[in-house]
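The lines below spell out each chain.
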Amino acid sequence: MNTPYEIPDLHYQFGETEQHLFPTVLFGKNDIVLVDCGYPGSLFLLEEQLCAHAIDPGALTKLVLTHQDDDHIGAAAEWKERCPDLQILASCAEAPYPSGDRKDLRLQQGEALQPQLPEEQRTFGEQSCERYRNLNTISVAFLLRDGDRFDWGDGCEIIATPGHTPSHISIRSLDNEYMITGDAAVLEGRQPAIANPEFCLDQKEAQHPLERIA
Ligand SMILES: [Zn+2]
């Protein structure tokens, strides 16, 4: 491999709405690491994309989950079935949610909001909650902490970027070549900003990582 990372593009069509998700693959000395994996049912879509990037899907060794939202962890159980030796990694405090030991925070948020939604949005709200209730659970085998360093992607460090979810993590390249921010931040011009503030579980908390990301 010549490049330290690849960014497959997962394209979803929801009726009239298009959505693109960008899981990232980092190459290490002994690892091929997928960071996030898309919605439930995305396995085949991502397999196709990996092949288009000349990556053997069966050669993945690790799957890092930046946070518990279904567009990031939805296909994790499918990948574990596809690659039984795949090691699943997430932050210590995030791990109990994908494993089902704690009720998903997005589901809790959705259920709390449901009674306040205008009538015309309730079906959509209930469908979103149902999607979370039906998520396949997945055991996290390795817990990541702020400051952990790995040789993936020519050297990277895990950084805690709470706010969007309380234990969201990002990954920065040690030589500042790239940064994987999950849903912690987007670029507005050249400045990082909170991604989709309406989905941010703690907007005040989410401001703190932005400086670090910048
Ligand atoms: Zn998210």
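Bear in mind the structure is a predicted one, so any value in this text is a computation, not a measurement.

1. Here's the deal with the nonpolar core
Among the nonpolar cores identified, the biggest contains 32 residues, and Leu-34, Cys-37, Leu-63 and Trp-79 are the most heavily contacted of them. Of all elements in the fold, only β2 (10–14), β4 (24–27), β5 (32–35), α1 (43–52), α3 (76–82), β7 (87–91) and α5 (119–133) reach the threshold of two or more residues within this core. Setting aside residues up to four positions removed in sequence, Trp-79 forms contacts with Leu-34, Cys-37, Leu-43, Leu-46, Glu-47, Leu-50, Pro-57, Leu-60 and Leu-86. Core analysis: the next-biggest nonpolar cluster, separate from the first, contains 13 residues, Val-33, Trp-152, Ile-171 and Tyr-178 among them.

2. Description of the pairing of strand β10 (residues 156–160)
Most of β10 is tucked away, with 4 of its 5 residues classed as buried. Bridge count between strand β9 (residues 149–150) and β10: 2 bridges; the pairing is antiparallel. Of the residues in β10, the one forming a bridge with Phe-150 is Cys-156. In this structure, the hairpin formed by β9 and β10 is closed by a connection of 5 residues, where Gly-153 is found at a positive phi of approximately 55°. Looking at chain direction, β10 and strand β11 (residues 169–173) are connected through 5 bridges and run antiparallel. Of the residues in β11, the one forming a bridge with Ala-160 is Ile-169.

3. Thoughts on the environment of Pro-4
Considering the arrangement of structural elements, one finds Pro-4 in the segment before β1 (5–6). Residues Pro-4 and Trp-152, 148 residues apart in the sequence, show an inter-C-alpha distance of 7.5 Å.

4. Focus: the environment of Ile-213
Note that Ile-213 resides in helix α6 (residues 203–213). The spatial distance from the C-alpha of Ile-213 to the C-alpha of Arg-122 is 36 Å, given a sequence separation of 91 residues. Discounting residues that sit within four places of it in the chain, Ile-213 has contacts with Thr-161, Met-179, Thr-181, Ala-184, Ala-185 and Pro-192.

Basis of the calculations
Residues numbered from 1 in each chain as written. Predicted model: local features only at pLDDT ≥ 70, side-chain atom pairs only at ≥ 80, totals over all residues. Heavy atoms only, no water. Core = buried A, V, L, I, M, F, W, Y, C linked by side-chain atoms within 4.5 Å. Buried < 20%, exposed > 50% of the residue type's maximum accessible area, 1.4 Å probe, protein only. Helix = DSSP H or I, 4+ residues; strand = E, 2+ residues; numbered from the N terminus. Contact = heavy atoms within 4.5 Å. Pairing = 2+ DSSP bridges.

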